[in-house]
Each structure stands twice: as C-alpha cells, then as structure tokens.
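Given next are the chains, with one letter for each unit.
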Amino acid sequence: MPPLLSSPRFSLSLTSRDSHFCHFFPSTTSTLKFLTTKTKTLIPTSIITMSISTSSSSSSSSQPKEDLHNENLIQVLKYHNETKHNFDNYARGPHGLDWANQPNPFRRYLSAPLLPLLHFPTQTELQKNQTLQQNPDDAYAPLYSSLFLSLPPPKPISHSTISQFFYDSLALSAWKSTGYSTWSLRVNPSSGNLHPTEAYIIAPPIESLSNSPFIAHYAPKEHSLELRAEIPSGFFPNFFPENSFLVGLSSIFWREAWKYGERAFRYCNHDVGHAIAAVTMAAAGLGWDVKLLDGLGYVELKKLFGLEVFPEFKFPSRPVKGKFPEIEFEHPDCLLLVFPNGIGKKFDVNYKELSSAISEFSKLEWKGKPNLLSKQHVCWDIIYRTAEAVKKPLVIGDRLEIDPFKSSGVRNEGSYKGFTVREVVRKRRSAVDMDGVTAIHRDTFYQILLHCLPSGCGSGGKQRRQLALPFRALPWDAEVHAVLFVHRVTGLPAGLYFLVRNEDHFHELKNSTSSNFAWAKPEGCPDDLPLYELDTSSGSLKDSRYYRLSEKLSCHQEIASHGCFSLGMVARFESSLREKNTWMYPRLFWETGVLGQVLYLEAHAVGISATGIGCYFDDPVHETLKLRGSNFQSLYHFTVGAPVLDKRIMSLPAYPGPNIDT
C-alpha cells in the first residue's frame, strides 16, 4: 500500500514513516471527524462561554495535601481508563486527519541567534571535514556493546563533544521521500513521527558557542542551538560539578493530539522516555553519566527552560475545535544532569537554593519568539486536566543519589555485528512490516533481555534498583515488567513468557496472574535473568494460538506476530501512584520508553529491527494474564523482528536535507 500523502507544507507518511508506533485507523478521510463512542461530542469555540478553566494550579494551593492527592489520583485513573482501547471501541480521537493543520514538527524561536553544531558523517565524508581532521579523536565512537560493560574515560565539554552529543541523540538521522511526500527521521523515535518532545541545553561557557553560561533550544533540522538567554556566571559553580551541563525535555501535546486524540498524553510520555534513553546512550559514548534531577518541580522547570514565553493556556470543559495558538505551549517534563562518569557521590544538589536561583530566571533577557505550528487546533480537554493532576512540586528533601555503574554483561558477543554506538543509534528505524520468517537464536534472545535489566547482572543481587545503562538515569526502583510472546526464537518453545524487572514484585505478580501459569525458567536461561515461561504446554495449537493472540491484542496488527517476539510492558500501577504520588503516572511511561529504546538499539545491533506499538487493547491484555483491578496495567507494546523494506521509498542524507519546509 503506498503511503498516504499529506499537505505539501508539512509532509508525513502514515504507512512509510519512522512511526515508532503502529496504530490502527478505521478511516483516513481528509475531512476531520471525531469518534464519539464514549458520549463526548465536539463543540465549536463559539459556544464556549462559561466553561473555560485555567491551567494554573494556584487555586488549589490552599487544599489539604491529602485531598489534593486524592483528587489528582481520581483524575489520573479517569484519564487512564477513558483512554483505553477495547475490542468494541477505541479511545476518543480524530476519525480522520486534518492535513491542512498538521503541526510543524520543528519548533523554532524566531530571531534567536543560531549557533551551528558540527556534523559527524560517514568515514568518507569525515575525511573531507578539515575541522575534525585536526582532532581525529573527537569523531571516535566506541563499540555499542562495550558501553554495557563500562563507560569510556570522560571527554571535556567542547563545541565538538556537545555537537556529537546532540548528533547521536536528538538530531535528524535521514530523510525519506516517495512521490510528492517527503519526511524526516530522527535518532530519537516518536509516535507517528510527530515529535512532541523539545530539548534545551543549560550549559557553562563553551568555546566557539558562547562566552557566557547560556540556555539554548536544540533545533534538529538545522543541527544548531538557538540561544535563548545568558545566565549568571555563578549558576554552574554553585550547584553542579565541573564539566557538567543540563538537558531539559518538554512536550507539545498538540503535536500528538492532532493524530491520536485523547490517548496522546500517553504517547508524549513514551517519547520522553525514548528521549531520556537516547540522551543517556549518546552521553555514555562520550564517557558521561546522566541523572534525572527529580527534586525540581513544574514551576522551576518552566522558568529554567524559558517556557514562560508561552501565554497561559485556558482549557475548555469539553473537546473543542477552533483557532487557539496558545495550545501549542510546551509542558516542561524533566531535567537531566550530564556529568563525567566516575564522579561517585562527591556532590549533591541543594534543591532549595537551586529553586531560589531559578526563580530569578524570569528576569533574564529571553531571545526569540516561538513559531506557529498549525492554523487551527482541537483541544482534547482531558489531556490538559491530567497534565495538571501530575504536575510535580518542588521536593526540597530529595537527594541526588549517584550509584556505581553496574555492568549489564555481554554473554554472547557473537550476537552483535561490531557496530559503534553511533552506527546503531543513527541507523535505528521503526519497522512498518516484518517478514514472518526470520528467527533469532535463543542466546541472542537472552542477550537482548539481559540488557533490559535495570540492575545489571553478574553481581548475584536481585533486580530492583536502576543501576545499569541507560536505566540508571532514572532515580526510582524499576516498576515496569514485560510479558513476552515468543514467536521465532530457535531453541526456545513459542509461547508466553514473563520478564520480572523488579524481583520484589515477583510474588505479587505470581499471585495476581493466572494460577495455571507455570513460572518455570526456560532451558538455557542465564541464572541472573529472571525470565519465566508461563505456559509450558506443547503442540502446534499452542504456537498458533499465541501468534494470533499477540496480533489480536495489538489492534489486529500483523507486525505483532510476524517478528521474532513481541511484548507488552506491564507496570505496577495504582499502588505506585498511591505510594509515590500521581506524578509517577508520566514517569511510568518514561520508564517504558527507556526500555523501548533499549529494545530498538539491541535489535539493530544484532542485525534486525523493531517498532513500538501504541495501539493495543488494554484490558484484554490484562484478561490474558488474569490480572484484576489496576495494580498492574499494560502501558506499551513492542515487536522485534526482521523488517520488510519498502523499495518505493528513497532515503536521503540527514544533512543537508531537501530544500523544502518539511
């Protein structure tokens, strides 16, 4: 099937894209319609008079904390349940795509100074780059598999290393073209190739970039930094170790909601997780470690990223279609500290003083005005109510814990193809079809799963704390597990398996799922890999049953059954929200995104491919496992296998890209 063509202004192919999600659409008509199967209807802005509510949370600041927590929890659970797909209906969203208002995938800050970054192309092109020839070590990238054993010596911050960092994490990786449709791909995947995630760097002075400490927005199409503001000279020495910098991530919900409607909030947070992992892997190649600074709250991040430039968005009480550019605001998600590995616990962050320093950033001279992404918009109000409910406040008592690096182990080096980390991350693609034939060996399967473990392996300890690459960027204990549908793994029976990524949850998982499950270690499984076969029955009927079931649960998509294996990521859900607060809701999706990024990279490193599956039937997945209630919920699906390439699509280099506004 040829790709659907978009408007000439912003091209995006639905079928031949680096989608990162496979998603079923009942219709792709050019007229915008809306699913109203769950009683909500779309109303024009002209009718909205008294139903506008502010996105500011100041009105609830006087509420008792327990009452506010319960209110927020109710909202989060409501959102999660109302955005589930089921066999008889899908979550609310557009019935077709409004191509005329497809969001521009590239945010720019108009009139902000543009600071070009260096490129790190193929070996042939590298020889033509005189700047890099003068410093050949600058272009060096270690082997992908070596990073899971130990990190290389840290490199200093420079124009070259910052350029490499973005080039291998958030830059464009290629352009694709067919017919009249042209679209870009990026190193970090995104649902529907819509890229709601924006990135900022907050850094000390860097020669050839800025003589002063600065805040800049990363512009991936130009592979450049847009200088937003200069910051006080004492900011970094007062709070952070030498040779460190900060990376901020934010989300534009509208970009995702244009295509996916109310389920978009989930997908935005998947993408944040993928971006966190992409940043962590690129940093690792330069000898840098990454840690989420989760003590800061929404207010601090908004000031730090310069997002006060966006007018306050007042959302309606019902879904609305109209022209309101303020919906294109950026929601600040998280702040990552990038620092030299091996620094240990030699420093901590005083969040109270850091918050006080950031409060002065409103007074900085901010440069640039954000560009408009669409002419008209649709507001799915439940997204913005839920975003309000999960805003994290400043937590002064939080401590920054930097645990020693834990090796994930390489048990089967022969599985890897000798690729460098740059080759793997920049060649990563989202498969749109799989051949249904190719198999991988059992040892390769086990090797992939070993790199999915949060605590590393070989030390004899239980899986719980996130200490291994790239999970170590996350400060909480692992909350996400994987139920696997094994289809084509030589030496391993096809069927249903479970990877326990936090072994403290093992007994709860066993007691919460079907009593008929065997929970047996499969043949040849490494001792430190907590993988269990759930159904140990045999026969061709069992094999075909799980092929069909995996496809059925993933919105009837063949790609879920045509790979080597597919999986659903099952998180400890409601108990996590009650224990740690509702702001864990997006963080659970971040963790699934980090795990998904590992699966992408592992698949490409062993010579196959993968794709994230955002469309799946939530509760039927739980019914398959006999899960009751909401203590465990499926948050993301994935499939790994040999891709079928569409020869009609032409690949073009990422830089320089085609001379079009795409």
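Scroll up for the structure.
The model shown is predicted, which means the values in this text are computed figures rather than measured ones.

A. Quick look at the packing of helix 6 (residues 253-260) against helix 10 (residues 381-389). Interaxial distance between helix 6 and helix 10 falls to 11 Å at its minimum, and their mutual angle equals 140°. Considering their axes alone, helix 6 and helix 10 lie oblique with respect to each other. Crossing of helix 6 over helix 10 shows right-handed handedness. Side by side, helix 6 and helix 10 meet where Phe 253, Trp 254 and Ala 257 of the first sit next to Ile 383, Tyr 384 and Ala 387 of the second. Class assignment of the residues belonging to the contact of helix 6 with helix 10 gives a composition of six nonpolar, no polar and no charged.

B. Helix 4 (residues 159-167), seen in detail. Buried residues dominate helix 4, accounting for nine of its nine residues. If you check which residues of helix 4 are buried, you get His 159, Ser 160, Thr 161, Ile 162, Ser 163, Gln 164, Phe 165, Phe 166 and Tyr 167.

C. Inspection of the nonpolar core at higher detail. Within the largest apolar cluster, 175 residues are counted, with the highest numbers of intra-cluster contacts made by Phe 165, Phe 235 and Phe 445. Not counting chain neighbours up to four residues away, the residues in contact with Phe 235 comprise Ile 202, Phe 240, Leu 246, Leu 304, Leu 354, Ala 357, Ile 358 and Phe 361. The next biggest cluster of nonpolar side chains, apart from the first, holds 20 residues, and it includes Phe 485, Val 500, Leu 625 and Leu 627.

D. Quick peek at the side chain of Ser 455. Along the chain, the position of Ser 455 falls in the loop between helix 12 (442-450) and strand 18 (480-486). For Ser 455, a relative accessible area of 8% gives the class buried. A polar contact of 2.6 Å, which involves the side chain of Ser 455, links it to the backbone oxygen of Arg 465. Apart from residues lying up to four places away in sequence, Ser 455 is in contact with Lys 406, Lys 462, Gln 463, Arg 464, Arg 465, Leu 467 and Ala 468.

E. Structural context of the pattern of salt bridges. Tallying each qualifying case throughout the model produces 33 salt bridges. One salt bridge connects Arg 422 with Asp 168, and the closest N-O pair in it is separated by 3.0 Å. Highlighted residues: Arg 422 in helix 11 (residues 421-427) and Asp 168 in the loop between helix 4 and strand 5 (172-178), separated in sequence by 254 residues. By relative accessible area, Arg 422 is classed as buried at 11%. Through salt bridges with shared partners, a single ionic network connects Glu 401, Asp 403, Arg 464, Arg 465, Asp 477 and Asp 504.

F. Layout of the packing of helix 6 against helix 7 (residues 264-285). Between helix 6 and helix 7, whose axes approach to 8 Å, the crossing angle comes to 130°. The angle between the axes of helix 6 and helix 7 places the two elements in the oblique class. Of the two possible hands of crossing, helix 6 and helix 7 adopt the one that is right-handed. Along the contact surface, helix 6 presents Phe 253, Glu 256, Ala 257 and Tyr 260, while helix 7 presents Ala 264, Phe 265, Tyr 267, Cys 268 and Asp 271.

G. Main features of the pairing of strand 5. For strand 5, the buried fraction is high: seven of the seven residues fall into the buried class. Where strand 5 lies against strand 6 (residues 181-186), six bridges are found, and the strand directions are antiparallel. Paired with Ala 174 across the bridge in strand 6 is Leu 185. Linking strand 5 to strand 6, which pair antiparallel, is a turn of two residues; within it Gly 179 sits at a positive phi near 60°. Both strand 5 and strand 25 (residues 650-652) contribute to a ladder of three bridges, which runs antiparallel.

Cut-off values and rules
Residues numbered from 1 in each chain as written. Predicted model: local features only at pLDDT ≥ 70, side-chain atom pairs only at ≥ 80, totals over all residues. Heavy atoms only, no water. Axes fitted to C-alpha atoms, helices over the stretch in contact; angles between N-to-C directions. Helix = DSSP H or I, 4+ residues; strand = E, 2+ residues; numbered from the N terminus. Parallel < 35°, antiparallel > 145°, perpendicular 65-115°, else oblique. Left-handed = near helix turned anticlockwise from the far one by under 90°. Contact = heavy atoms within 4.5 Å. Nonpolar A, V, L, I, M, F, W, Y, C, P; charged D, E, K, R; others polar. Buried < 20%, exposed > 50% of the residue type's maximum accessible area, 1.4 Å probe, protein only. Core = buried A, V, L, I, M, F, W, Y, C linked by side-chain atoms within 4.5 Å. Polar contact = N/O pair within 3.5 Å; in protein donor to acceptor, adjacent residues only side chain to side chain. Salt bridge = Lys/Arg side-chain N within 4 Å of Asp/Glu carboxyl O. Pairing = 2+ DSSP bridges.

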